[in-house]
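# Examination of the molecular architecture
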2 protein chains.
Amino acid sequence: MSRGSTAGEPAPANRNVTLRDVARFAGVSVATASKALNGQPQVRAETRARVIQAAEQLSFSPNTIAQSLITQRTGTVGLLTSDLEGRFSIPILMGAEDAFGSDQTSVFLCDARDDAIREKHHLRALLSRRVDGLIVVGARPDTRTSLGRELPVPVVYAYAPSDDPRDLSLVTDNVGGGRMAVDHLLRCGRRRIAHITGDPDYGAAQDRARGALERLAEEGLEPAGGEVWFGMWSEAWGRGATRMLLERCTDVDAIFAGSDEIARGVLDVLHEERIDVPSRVAVIGFDNWKVLAANARPPLTTIDLNLEQLGRIAAQRLSAAMEGNPGSGVETVPGRLVTRESTAPLR
Amino acid sequence: MSRGSTAGEPAPANRNVTLRDVARFAGVSVATASKALNGQPQVRAETRARVIQAAEQLSFSPNTIAQSLITQRTGTVGLLTSDLEGRFSIPILMGAEDAFGSDQTSVFLCDARDDAIREKHHLRALLSRRVDGLIVVGARPDTRTSLGRELPVPVVYAYAPSDDPRDLSLVTDNVGGGRMAVDHLLRCGRRRIAHITGDPDYGAAQDRARGALERLAEEGLEPAGGEVWFGMWSEAWGRGATRMLLERCTDVDAIFAGSDEIARGVLDVLHEERIDVPSRVAVIGFDNWKVLAANARPPLTTIDLNLEQLGRIAAQRLSAAMEGNPGSGVETVPGRLVTRESTAPLR
DNA sequence: TTGTATGCGTTATCAA
DNA sequence: TTGATAACGCATACAA
């Protein structure tokens with residue numbers, strides 16, 4: 001009764017049922033039962049069927065722990081993030097979790113809160129749990145110190161690259177994103193393009209600006225207003241910078257904002273000034289942070305860094321490394337343009 | 001050389017060192033080594049010291065897998081979320097991860113993508129990994145079907161309560177949050193209070209509205225505009241509803257928005273209409289979604305549902321259940337008021 | 001084709 | 001106070 005399950009409903013996995021029980025039930029030895037269930041060829045078809053049926057009837061679920069002890073592989077990986085709160089870690093984490101089909105590999109989640117001590121702590125815990133590999137997700141796209149080369153398992157760094165070129169790191173393509181944004185504005189026929197962006201201490205801000213300037217230079221252009229407007233990653237800065245920009249340079253016809261937050265500020269001021277978007281000024285953001293971009297007035301064209309994709313690739317690379325094919329160096333994952341209504345061809 | 005570590009740097013945990021090596025190195029038996037390291041009393045102080053030192057020198061890290069096999073406890077729990085993307089799961093997940101100090105308990109992360117099949121899949125995987133317990137995090141605060149009573153480990157439901165009252169569920173206090181919002185507006189001296197909120201199919205919308213209406217009724221008040229403005233969880237709806245409200249009811253002095261997104265729309269229109277916030281109309285949001293609330297003009301007073309706290313409590317309740325003290329029923333975690341500048345006393 | 005025996009790295013129960 | 005030895009649940013080399 002206590003183990004009973006009515007027909008149709010799959011019986012819940014019963015923890016106390018071991019391979020011994022299955023073997024006894026099927027009238028074979030433990031070894032044979034093991035072989036039968038693991039698809040080893042050296043077992044008669046009829047026997048295998050009997051064992052499998054026994055396993056099902058007892059709703060046997062092999063003890064992964066015991067298996068790991070023998071095979072020396074746990075089928076687990078550690079996901080060491082430094083900032084769960086940050087919106088960048090989450091998509092990466094989703095992609096990674098997704099790529100490890102749950103049957104094969106399970107993911108241990110650890111949040112180090114951007115604290116080195118805590119990270120060491122988590123690392124020890126993960127290693128003593130005998131994870132087969134590690135993904136280290138940074139909070140900012142700037143270089144971080146390597147966990148070292150002496151680790152007993154392969155490591156892949158995502159978002160924030162390791163400072164050791166022998167490690168394998170996956171990063172977003174901020175330079176390419178900047179180029180892509182400007183390129184799109186150029187295709188829309190814009191020539192007076194300004195770039196308002198965030199904190200210049202961020203590699204992301206520098207890289208996006210560099211990509212933008214490069215693409216402009218290819219057309220023999222300079223940014224409207226003469227320079228890149230560095231500031232902060234906030235709507236308020238987007239508003240302030242836009243006001244200054246409009247004063248200095250009345251004929252601007254496009255603004256590339258370094259983030260969707262900044263873009264919201266930009267749109268706000270343009271709206272206040274009764275400057276139509278996109279007919280008079282086109283606006284493009286960065287990040288594709290949906291709640292900001294999709295709800296903007298008008299909905300915001302922006303660059304998506306494909307973070308989920310980055311997470312998926314990180315998982316693939318880690319799997320490869322666990323199979324004995326480690327990589328190294330920095331691999332860049334391209335972003336993509338997401339067009340909404342804040343940009344359009346001139347006229 | 002290959003194992004070498006220069007003084008100062010902690011040697012990396014060496015996977016291949018087993019208790020046997022430590023014992024041999026210290027000149028004792030495996031059994032004694034085990035006792036010494038685990039703080040068992042029946043071992044001479046000097047011996048213990050020798051063993052500990054040996055363990056350190058070899059940078060021994062006990063194999064958790066082997067320990068689990070004996071103790072029948074893995075020190076792991078499964079975190080089964082139905083929607084990683086959703087912004088509600090993340091704080092809960094953070095709180096839970098935080099509450100299980102990483103040394104004691106590690107967390108397996110699984111995203112079922114709100115799909116029952118996938119959930120079953122993950123569940124099987126987690127059980128075969130012999131997790132000691134499960135936290136099930138829902139995507140919406142509406143009731144979900146129980147995983148059943150036949151599971152071999154305790155389960156705690158977070159955010160979305162189980163439909164089986166014998167399970168233990170933790171939920172946010174939407175009714176209380178609604179009361180709290182209106183109460184704050186009343187304290188600010190407002191009497192003509194409107195409520196604009198989201199999709200009426202969401203329990204969250206209904207509950208917040210109920211709390212608001214209850215509190216209003218206690219003062220003998222009705223909502224401004226005569227009724228609650230249900231609609232959608234979007235800025236656009238916030239804008240549209242506000243325009244309608246202002247037409248129907250010119251003397252409104254406060255608006256309670258059912259979400260921060262809606263509140264942003266409300267603020268937008270008030271700004272367009274040159275209606276000052278908060279001096280003429282106070283606005284309060286819901287969720288404390290920082291990027292929206294903190295960047296609003298003016299920064300938005302709102303209700304925080306304490307999701308991280310909810311996650312922490314979920315972890316605590318699960319720990320208790322794993323210790324043999326299971327709970328049941330639905331436990332409500334109160335929210336809190338976060339005051340910013342969009343509300344202030346009248347005059 | 002099947003079964004016996006051994007071991008994975010630990011903890012726990014005994015004797016010594 | 002210490003040390004053999006038997007588990008834990010399973011996989012595999014080897015013997016039958």
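Residues numbered from 1 in each chain as written. Chains lettered and ligands numbered in written order. Predicted model: local features only at pLDDT ≥ 70, side-chain atom pairs only at ≥ 80, totals over all residues. Heavy atoms only, no water.

What follows is about the interface of chain A and chain B. The interface of chain A with chain B comprises 64 residues on the first partner and 65 residues on the second. Buried area between chain A and chain B, both sides added, is near 5900 Å², and the carbon and sulfur share of it is 49%. Across the chain A-chain B interface, the total number found is eight salt bridges. Where Arg297 of chain A meets Glu272 of chain B, a salt bridge forms, and the shortest distance between an N and an O atom there is 2.9 Å. (Contact = heavy atoms within 4.5 Å. Buried area = accessible area lost by both parts, 1.4 Å probe. Salt bridge = Lys/Arg side-chain N within 4 Å of Asp/Glu carboxyl O.)

Counted according to the given criterion, the structure contains zero disulfides over all chains. Free of any disulfide, Cys110 of chain B has its nearest cysteine sulfur in Cys110 of chain A, 14 Å distant. Summary of cysteine pairing: Cys249 of chain B is not part of a disulfide, and the nearest cysteine sulfur, belonging to Cys188 of chain B, is at 18 Å. Among the residues examined, Cys249 of chain B registers a relative accessible area of 5% and is labelled buried. (Disulfide = S-S within 2.5 Å. Buried < 20%, exposed > 50% of the residue type's maximum accessible area, 1.4 Å probe, protein only.)

This part covers the relation of the copies chain A and chain B. A rotation about some axis, followed by a shift along it, carries one copy of the chain onto the other. Turning chain A through 180° and shifting it by 0.0 Å along the axis lays it on chain B, with an RMSD of 0.1 Å. Look at the turn and shift together and you get a two-fold axis relating the two. Looking at the rotation axis and the C-alpha trace of chain A, the residue lying nearest is Phe108 of chain A, at 2.3 Å. When the interface residues of chain A are mapped onto chain B, 98% of them again fall at the interface, so both copies present the same face. (Least-squares fit on C-alpha atoms with pLDDT ≥ 70 in both.)

The subject of this paragraph is the sheet that holds strand β7 (residues 254-257) of chain B. All names here are of chain B. Strand order in the open sheet made by the three strands is β6-β7-β8, with parallel pairing throughout. The open sheet has two edge strands, β6 (193-196) and β8 (282-284), and neither has a second partner. Strand-to-strand, the axes of this sheet are offset by a mean angle of 20°, without reference to chain direction. Bridge analysis of β6 against β7 gives four bridges, and the strand direction is parallel. Counted as the bridge partner of Ala194 is Ile255 from β7. Seen against the sheet, helix α7 (residues 174-187) touches β6, β7 and β8 and runs at an angle of roughly 165° to β7. (Pairing = 2+ DSSP bridges. Helix = DSSP H or I, 4+ residues; strand = E, 2+ residues; numbered from the N terminus. Axes fitted to C-alpha atoms, helices over the stretch in contact; angles between N-to-C directions.)

Turning next to helix α10 (residues 260-272) of chain B. For the α-helix, the turn length of 3.6 residues means that residues three or four positions removed from each other point alike. Residue and element names in this part refer to chain B. The terminal C-alpha atoms of α10, which comprises 13 residues, lie 18 Å apart, in line with the 18 Å expected from a rise of 1.5 Å per residue. Taken together, the buried positions of α10 are Asp260, Glu261, Ile262, Ala263, Arg264, Gly265, Val266, Leu267, Asp268, Val269 and Leu270. Between a side-chain oxygen at the N-terminus of α10 and the backbone nitrogen of Glu261 the separation is 3.3 Å; the capping residue is Ser259. (Expected span 1.5 Å × (residues − 1). Polar contact = N/O pair within 3.5 Å; in protein donor to acceptor, adjacent residues only side chain to side chain.)

Quick look at the layout of surface pockets now. Taking a probe equal in size to a water molecule and rolling it over the atoms shows the remaining empty space. One number sums up the size of the second largest pocket: a volume of about 1000 Å³. Around the second largest pocket sit 38 residues that line it, and Pro62, Asn63, Thr64, Ile65 and Gln67 of chain A are the ones nearest its centre. Looking at the lining of the second largest pocket, the elements with two or more residues in it are α2 (30-37) and α4 (64-71) of chain A together with α4 (64-71) and α6 (116-128) of chain B. Top element by residues in the lining of the second largest pocket is α4 of chain A. It accounts for seven residues. (1 Å grid on protein atoms, 1.4 Å probe; cavity = no way out; pocket = protein on both sides within 12 Å on 5 of 7 lines; lining within 4 Å. Points joined across faces, edges and corners; volume = space filled by probe spheres on them.)

What follows is about the pattern of salt bridges. With the rule as written, the count across this model stands at 63 salt bridges over all chains. For the salt bridge of Asp268 of chain B with Arg297 of chain A, the shortest nitrogen-to-oxygen distance reads 2.8 Å. With Asp268 of chain B in helix α10 and Arg297 of chain A in the loop between α11 (290-293) and β9 (302-304), this residue pair bridges two chains. Judged by its relative accessible area of 17%, Asp268 of chain B falls in the buried class. Arg297 of chain A sits in the partly exposed class, given a relative accessible area of 25%. Residues Asp167 of chain B and Arg149 of chain B are paired through a salt bridge, measuring 2.6 Å at the closest nitrogen-oxygen approach.

This part covers the environment of Asn295 of chain A. With respect to the helices and strands, Asn295 of chain A occurs in the loop between α11 and β9. Classification of Asn295 of chain A by relative accessible area gives buried; the value is 15%. With 19 residues separating them along the chain, Asn295 of chain A and Ala314 of chain A place their C-alpha atoms 31 Å apart. The contact partners of Asn295 of chain A, leaving out residues within four places of it in the chain, are Arg264 and Lys290 of chain A together with Ser234, Glu235, Arg239 and Glu261 of chain B. A polar atom in the side chain of Asn295 of chain A sits 3.1 Å from the backbone oxygen of Val291 of chain A.

Right, let's talk about the protein's contact with DNA strand C for a bit. The environment of DNA strand C is made up of 24 residues, and the closest members are Thr32, Lys35 and Thr47 of chain A together with Leu19 and Ile70 of chain B. Among the atoms of DNA strand C lying within 4 Å of the protein, the sugar-phosphate backbone contributes 64%. Residue Ser29 of chain A places a main-chain N or O atom 2.8 Å away from a phosphate oxygen belonging to DNA strand C. For DNA strand C, a phosphate oxygen lies 3.1 Å from a polar atom in the backbone of Asn63 of chain B. Counting only elements with at least two residues in the surface near DNA strand C, the list comes to α2 and α4 of chain A together with α2 (30-37) and α4 of chain B. When grouped by side-chain class, the residues that make up the surface near DNA strand C number 11 nonpolar, 11 polar and two charged. (Near = heavy atom within 4 Å. Nonpolar A, V, L, I, M, F, W, Y, C, P; charged D, E, K, R; others polar.)

Take the UniProt feature "domain: HTH lacI-type" (unreviewed entry) in chain A next. UniProt's entry tags residues 17-71 of chain A with the feature "domain: HTH lacI-type" (unreviewed entry), counted in the numbering of this structure. Between the C-alpha atoms that bound residues 17-71 of chain A there is a distance of 21 Å. The span itself is 67% helix and 0% strand. (UniProt positions renumbered as here; feature names shortened; annotations may be inferred.)

Turning next to the sheet that holds strand β4 (residues 155-158) of chain A. What the 12 strands build is an open sheet, ordered β10(A)-β5(A)-β4(A)-β3(A)-β1(A)-β2(A)-β2(B)-β1(B)-β3(B)-β4(B)-β5(B)-β10(B); its pairing is mixed. Because the sheet does not close on itself, it has two edges, and the strands there are β10 (329-333) of chain A together with β10 (329-333) of chain B. Mean inter-strand twist for the sheet, computed between neighbouring axes without regard to direction, equals 25°. When strand β1 (residues 76-81) of chain B meets strand β3 (residues 133-137) of chain B, the two strands line up parallel, connected through five bridges.

Before going further, it helps to examine empty space enclosed by the protein. Taken as a whole and assessed by the stated rule, the structure comprises two cavities of 30 Å³ or more. Here the largest cavity defines a volume of roughly 140 Å³. Lining the largest cavity we find 14 residues, and of these Ile65, Thr76 and Phe108 of chain A together with Ile65 and Phe108 of chain B sit closest to its centre.

Counting residues in each nonpolar core, the largest one holds 84 residues, and the members touching the most others are Ile135 and Phe256 of chain A together with Ile135 and Phe256 of chain B. Apart from residues lying up to four places away in sequence, Ile135 of chain A is in contact with Gly78, Leu79, Leu80, Ala96, Phe100, Val156, Ala158, Ala314, Ala315 and Leu318 of chain A. Listed in part, the 28 residues of the second largest apolar core include Leu147 of chain A together with Leu80, Cys110 and Tyr157 of chain B. (Core = buried A, V, L, I, M, F, W, Y, C linked by side-chain atoms within 4.5 Å.)

Moving on, we come to the protein's contact with DNA strand D. Leu19 and Ile70 of chain A together with Thr32, Lys35 and Thr47 of chain B are the nearest of the 24 residues found near DNA strand D. Sugar and phosphate atoms constitute 66% of the interface atoms of DNA strand D, taking the interface as everything within 4 Å of the protein. Between DNA strand D and Asn63 of chain A, the relevant distance is 3.1 Å, taken from a phosphate oxygen to a main-chain nitrogen or oxygen of the residue. For DNA strand D, a base oxygen lies 2.6 Å from a polar atom in the side chain of Lys35 of chain B. When grouped by side-chain class, the residues that make up the surface near DNA strand D number 11 nonpolar, 11 polar and two charged.

What follows covers the packing of helix α9 (residues 235-248) of chain B against α10 of chain B. Residues and elements named next belong to chain B. Direction vectors running N to C along α9 and α10 enclose 45°, while the axes themselves pass 7 Å from each other. The orientation of α9 relative to α10 falls into the category oblique. The interaxial crossing formed by α9 with α10 has right-handed handedness. Facing Glu235, Trp237, Gly238, Arg239, Thr242, Arg243 and Leu246 of α9, the residues of α10 in contact are Glu261, Ile262, Arg264, Gly265, Val266, Asp268, Val269, Leu270 and Glu272. In terms of residue class, the contact of α9 with α10 is made up of six nonpolar, three polar and seven charged. (Parallel < 35°, antiparallel > 145°, perpendicular 65-115°, else oblique. Left-handed = near helix turned anticlockwise from the far one by under 90°.)

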